[in-house]
Amino acid sequence: MRAIQRSNCYHKEGHQAACDYGDTFYMLLFGLVQIVVSQIPDFHNMEWLSVVAALMSFTYSFIGFSLGVAKVIENGKIMGSITGVPASSLANKLWLVFQALGDIAFAYPYSIIVLEIQDTLKSPPPENKTMKRASMVAIFVTTFFYLCCGCFGYAAFGNDTPGNLLTGFGFYEPYWLIDFANACIVLHLVGGYQIFSQPIFAFAEGWFAKKFPNSGFVNNFYTFKLPLLPGFQLNLLRLCFRTAYVILTTGIAMLFPYFNSVLGLLGALNFWPLTIYFPVEMYFVQKKIGAWTRKWIVLRTFSFVCFLVTVVGFIGSLEGLISAKLS
């Protein structure tokens, strides 16, 4: 939303105008929206929100990709260099590389919700086969868009490429298209936040239900009916826990409003344990892979290399986060 304000300001006042707006109000507004949307019970009730978020993601990704291609054609040459953005020292260059690895790891965080998504599928065909096909398509499409946006973005702006092509104002015109793309990002983030938070909600609420089976606060549901709206069931634990969770995450976002560093940190934390380690270990058990066989050695080596990527990505992103906070 702040990017939309700035886009309109640059269009009216010129690209050199001091169009600075605060983040706090929009972060609080986003948190308020999430408190309301968080009362959606579970994944089975979120199909519409997931579809909207996916459509918004396709839309703004395609816009960013198209604008990057148009800018390269306008420039008449490819900007930047094969070595990437220069740094003041080798150490700083390594920090940037490590942070970039964390950002790349964040591009594939869907392993957190794979089982929850599969649980919503109907059979026949078998859920695991449907999920396998869907995962392959998702990885291909995601990789295509990330590579296109990243490569054409750097080719368009070289070393001046912003961390986010749309909100970082690599592009100024057409301003209405930039506004539309940023509005799509807002809607995508609303849906994405819920999709990645629902497994946490389900785990926490399931734990409380088992721990306190006789608690009315945990297990009782109350039906509410508002005018012109369908009735909905309210649970006090759901209301309190999810509200507290949203308040906490909103507060952290306000404390550390640094896009690339935060993405890299979250990507590094999730990448190896959820995307690599657990699937590899489950594959060993399911297929009964013996120790020190060729397949065992290859997969163990692959897991170890990805673990190193997670470590360096986490360190680089943490350094970037601390540097941004102290600067």
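Above: the structure in question.
Here the structure is a predicted model, which is why all the values come from computation and not from measurement.

Draft legend 1. Fine view of the overall build of the protein chain. Regarding its fold elements, the protein chain presents 11 helices and 2 strands. Listing the helices and strands of the protein chain from first to last along the sequence gives α-α-α-α-α-α-α-α-β-β-α-α-α. A burial count over the protein chain gives 31% of its 327 residues as buried. Contacts in the protein chain between residues far apart in sequence, at least 24 positions, make up 72% of those at least 6 positions apart. Approximately 20000 Å² of the protein chain is accessible, and the part contributed by carbon and sulfur atoms is 71%.

Draft legend 2. The arrangement of a positive patch on the surface in detail. On the surface, Lys 132, Lys 287, Arg 294 and Lys 295 cluster together into a positively charged patch. Mapped onto the elements of the fold, Lys 295 is located in helix α11 (residues 294-326).

Draft legend 3. Just the packing of aromatic side chains, in detail. With the rule as written, the count across this model stands at 16 aromatic pairs. Ring centres of Phe 58 and Phe 145 lie 5.8 Å apart, and the angle between their planes is 70 degrees; on these two criteria the pair is classed as edge-to-face. Of this pair, Phe 58 sits in helix α3 (residues 47-75) while Phe 145 sits in helix α6 (residues 127-157), placing them 87 residues apart in sequence. Taking relative accessible area as the criterion, Phe 58 reaches 44% and is therefore assigned partly exposed. Plain terms: the ring middles of Trp 207 and Phe 208 are 5.1 Å apart, the flat faces sit at 80 degrees to each other, and that makes the pair edge-to-face. Residue classification places Trp 207 among the partly exposed positions, given a relative accessible area of 45%.

Rules used throughout
- Residues numbered from 1 in each chain as written.
- Predicted model: local features only at pLDDT ≥ 70, side-chain atom pairs only at ≥ 80, totals over all residues.
- Heavy atoms only, no water.
- Helix = DSSP H or I, 4+ residues; strand = E, 2+ residues; numbered from the N terminus.
- Buried < 20%, exposed > 50% of the residue type's maximum accessible area, 1.4 Å probe, protein only.
- Contact = heavy atoms within 4.5 Å.
- Areas by Shrake-Rupley, 256 points an atom, 1.4 Å probe, with all protein chains shown as cover.
- Patch = residues over 30% accessible without salt bridge, like charges linked within 9 Å, V, L, I, M, F, W, Y side chains within 5 Å.
- Salt bridge = Lys/Arg side-chain N within 4 Å of Asp/Glu carboxyl O.
- Lys, Arg positive; Asp, Glu negative; His and termini not counted.
- Charge placed at Lys NZ, Arg CZ, Asp CG, Glu CD.
- Phe/Tyr/Trp six-rings, centres within 6.5 Å; stacked < 30°, edge-to-face > 60°.

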